[in-house]
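Remarks on the overall topology
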Amino acid sequence: MPRQANPWAALSALCLGFFMILLDTTIVSIAIPAMVRELHTTLNSVVWVLSVYLLTYAVPMLFTSRLGDRFGPKRVFLAGLAVFTLASLWCGLSGSAEMLIAARAVQGLGAALMTPQTLAFITHLFPPAKRGPAMGLWGGVAGLATIAGPLLGGLLVDSLGWEWIFFVNVPIGVVAIVLTVALVPDWQPKHAHSFDVPGILLSAAGLLCLVFGIQNGQQYSWGRVFGPVNIPEIIGAGVLLLVAFVVWQRLNRREPLLPLTVFRNRNFSAGTLTATAIGFAMTGMFVPLVVYVQDVLGMSPTSAGLLTAPMSLLSGLIAPFIGRLSDRVNAKYLVVVGFLALAAGLLGVALQARADTHPWSLVPVLLLCGIGTGCVFAPMSNVTMSSVDRRMAGAASGIFNTSRQVGGVLGSAAIGVLLQARITATMAAEHGNAPVALTTAARETMLLPAAVLVLGAIAALAMKRVVRDAPPAATPEPVSTTANL
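Model, not experiment: these values are computed from the prediction.

**Things to note about the overall build of the chain**
When you go through the chain residue by residue, the secondary structure sums to 17 helices and 2 strands. Rg of the C-alpha trace for the chain: 21 Å, near the compact-globule value of 23 Å for 485 residues, within the 12% margin. For the chain, the C-alpha atoms occupy an extent of roughly 65 × 50 × 40 Å along the three principal directions. A total of 485 residues make up the chain; the buried ones form 60% of that total. Of all intrachain contacts in the chain linking residues separated by at least 6 positions in sequence, the fraction that spans at least 24 positions is 85%. Summed over all atoms, the accessible surface of the chain reaches about 17,400 Å², with 70% contributed by carbon and sulfur. With 28 positive and 18 negative side-chain charges, the chain shows a separation of 13 Å between the mean positions of the two kinds.

**Here's the deal with the layout of surface pockets**
Size it by volume and the largest pocket reaches roughly 420 Å³. Lining the largest pocket are 16 residues, and of these Phe 245, Leu 258, Thr 402, Ser 403 and Val 406 lie nearest its centre. Those elements that place two or more of their residues in the lining of the largest pocket are α10 (197–216), α11 (231–251), α12 (266–296) and α16 (393–429). In the lining of the largest pocket, the residues fall into 11 nonpolar, 5 polar and no charged.

**Digging into the environment of Leu 43**
Following the sequence through the fold, Leu 43 ends up in helix α3 (residues 43–58). Take Leu 43: its relative accessible area is 21%, and that puts it in the partly exposed class. As a C-alpha pair, Leu 43 and Ile 32 span 11 residues in sequence and 7.6 Å in three-dimensional space. Once residues lying within four places of it in the same chain are set aside, the contact partners of Leu 43 are Ile 32, Val 36 and Gln 420.

**Focus on the pattern of salt bridges**
Considering all chains together, one arrives at 4 salt bridges under this definition. Note that Asp 356 is salt-bridged to Arg 354, the shortest N-O span being 3.5 Å. The exposure class of Asp 356 is exposed, given its relative accessible area of 61%. Note on Arg 354: relative accessible area 46%, which makes it partly exposed. In this structure, Glu 444 engages Arg 422 in a salt bridge whose closest nitrogen and oxygen atoms are separated by 2.6 Å. Taken together, the residues span a long stretch of sequence, with Glu 444 in helix α17 (residues 434–460) and Arg 422 in helix α16 at a distance of 22 residues. Glu 444 sits in the partly exposed class, given a relative accessible area of 31%. Here Arg 422 falls in the partly exposed class, since its relative accessible area comes to 28%.

**Here we look at the confidence of the model for the chain**
Of all residues in the chain, 91% attain a pLDDT of 70 or more, and the chain-wide mean is 82. Mean pLDDT values for the elements of the chain range from 76 in helix α7 (residues 131–159) up to 93 in helix α5 (residues 73–93). Here residues 469–485 is a poorly scored stretch, pLDDT under 50, and it has 44 contacts once near neighbours within four places are set aside; other chains count.

**Re the environment of Val 388**
Here Val 388 shows up in the loop between α15 (363–386) and α16. By relative accessible area, Val 388 is classed as buried at 5%. Separated by 322 residues in the primary sequence, Val 388 and Arg 66 place their C-alpha atoms 16 Å from one another.

**Focus on the side chain of Thr 440**
Residue position: Thr 440 is located in helix α17. Note on Thr 440: relative accessible area 15%, which makes it buried.

**What about α11?**
Between its first and last C-alpha atoms α11 spans 30 Å; for 21 residues at 1.5 Å apiece the expected length is 30 Å, and the two agree. All buried positions along α11 are accounted for by Ile 231, Ile 234, Gly 238, Phe 245 and Gln 249. Viewed end-on, α11 has its buried residues packed into an arc of 60°, placing them on one side of the element. Residues of α11 that are exposed and angled more than 90 degrees away from the buried face: Leu 240, Arg 250 and Leu 251. Where α11 is buried, its residues touch α4 (61–71), α10, β1 (224–226) and β2 (229–230).

**Concerning the nonpolar core**
In terms of nonpolar packing, the biggest core is built from 130 residues, with Met 35, Ile 165 and Ile 278 touching the most fellow members. When residues of this core are assigned to their parent elements, the largest contribution, 16 residues, is made by α12. When residues no more than four places from it in sequence are discounted, the contact partners of Ile 278 are Phe 339, Leu 342, Val 376, Phe 377, Met 380, Arg 404 and Leu 453.

**Observations concerning empty space enclosed by the protein**
As enumerated under the stated definition, the model contains 4 cavities of 30 Å³ or more in all. Considering only enclosed or pocket space, the largest cavity measures out at about 110 Å³ in volume. Along the wall of the largest cavity there are 12 residues; nearest its centre are Thr 25, Gly 279, Thr 283, Arg 404 and Gln 405. When residues of the lining of the largest cavity are traced back to their parent elements, those giving at least two are α1 (7–26), α12 and α16. Per-element tally for the lining of the largest cavity: the top contributor is α12, with 4 residues.

**Quick word on a nonpolar patch on the surface**
A surface patch of nonpolar side chains, about 340 Å² in accessible area, is lined by Val 239, Val 243, Val 247 and Leu 251. Note that Leu 251 resides in helix α11. A relative accessible area of 56% places Leu 251 in the exposed class.

**As for unusual backbone geometry**
Even without being glycine, His 40 reaches a positive phi, approximately 50°. Relative to the helices and strands, His 40 is located in the loop between α2 (32–38) and α3. The class for His 40 is exposed, based on a relative accessible area of 72%.

What counts, and where the lines are drawn
Residues numbered from 1 in each chain as written. Predicted model: local features only at pLDDT ≥ 70, side-chain atom pairs only at ≥ 80, totals over all residues. Heavy atoms only, no water. Helix = DSSP H or I, 4+ residues; strand = E, 2+ residues; numbered from the N terminus. Rg over C-alpha atoms; globule rule 2.2 N^0.38 Å. Buried < 20%, exposed > 50% of the residue type's maximum accessible area, 1.4 Å probe, protein only. Contact = heavy atoms within 4.5 Å. Areas by Shrake-Rupley, 256 points an atom, 1.4 Å probe, with all protein chains shown as cover. Lys, Arg positive; Asp, Glu negative; His and termini not counted. Charge placed at Lys NZ, Arg CZ, Asp CG, Glu CD. 1 Å grid on protein atoms, 1.4 Å probe; cavity = no way out; pocket = protein on both sides within 12 Å on 5 of 7 lines; lining within 4 Å. Points joined across faces, edges and corners; volume = space filled by probe spheres on them. Nonpolar A, V, L, I, M, F, W, Y, C, P; charged D, E, K, R; others polar. Salt bridge = Lys/Arg side-chain N within 4 Å of Asp/Glu carboxyl O. pLDDT = per-residue confidence, 0-100. Expected span 1.5 Å × (residues − 1). Arc of directions from axis to C-beta. Core = buried A, V, L, I, M, F, W, Y, C linked by side-chain atoms within 4.5 Å. Patch = residues over 30% accessible without salt bridge, like charges linked within 9 Å, V, L, I, M, F, W, Y side chains within 5 Å.

Written out as structure tokens, the structure is:
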């Protein structure tokens, strides 16, 4: 890497692309009612617009992290940025739910190429003692993008139509490409990786079966899908394929897609669990919230987005300070506080939610959610990645990001099916009183991400404090060729 490269300028360029891909994990949520109406489709189909993006984002990420090691993170990041930008244009031009789902799948592939490169660049551009502020910026962007989606999405849906939540990515993508070319160094790790094709196929098939079975279970009444194949069998096949994937990673002595030796590092193991939990909660919380504030409280998409704006702003403001603080205190306690604050905020929303609740009375508990989000991303990323041997940085970045996205996929699928099931049950119990039924369903559904956040806080307690004036802790020597990482 040329030493004259400005690490902060390079990180800013990378964060613009990172902001865009994370924005698209939540910006669609606010447009759910509009898409159902204008595409003449079902809630399950629109939830697939969310899930397929997260699925094609998560599944290839272990593979794409290796591409960065082999061909250079900048080149892979630019390739992903181009794919993402063009797929965004395709999404906006889609005239049916099926076409939109296909375009979103391609968009997710572009995101998968980009994301692992951002964390790999942070570990390369910044020494351990100065990594906290960089992780703070990265965490601030992650938190801001994940929560700002509803505000921007609401404004675009109300003023221009749902298509513009995708069209807006095109000029941003072009600017990000120009800045990346100009400011990001062409770092070349030049690791000659082999690619674990059986691992890629097993993980992809396993996740696809699992997510399909969970999300479509309600639609098929948890019974037959086609021929003799039913939903429990599809879910079971997904679990078996994922078990086979882990076994294959253990047996693969050449270069496994998921080097299990990295999990001997306690911080990394705990960090991947917390990332999975926050991915589940952040993706899952918006679906019932959007249904409640728009379909029950009668808010427009813009008003619904404005309702979450203070939460978004607070999260973005405090994340950089939390990132710096994570260098000075035991970062695990910041993560625990963040998880519990976000869980308490969601419980507060559930307790206040009624058919006649004034929307703006929810702002205090939503602000608590913003504090929680702002406290999680930077210290979680910092303590997880800082203790990993630099030789494993690319693979570790891919695993860490994949765990968050897998959490998001499972959160989208589980929350989607739970919400649909509760709507069906409460509509019958309330004798067709839609406002009361939808409120009850949304309130009950919010309890699931809150419970997952509590489990994430427990996992964070296993983290150890990273000693900054010492070199990063080396992971135990990997088997055979994984040492090339």
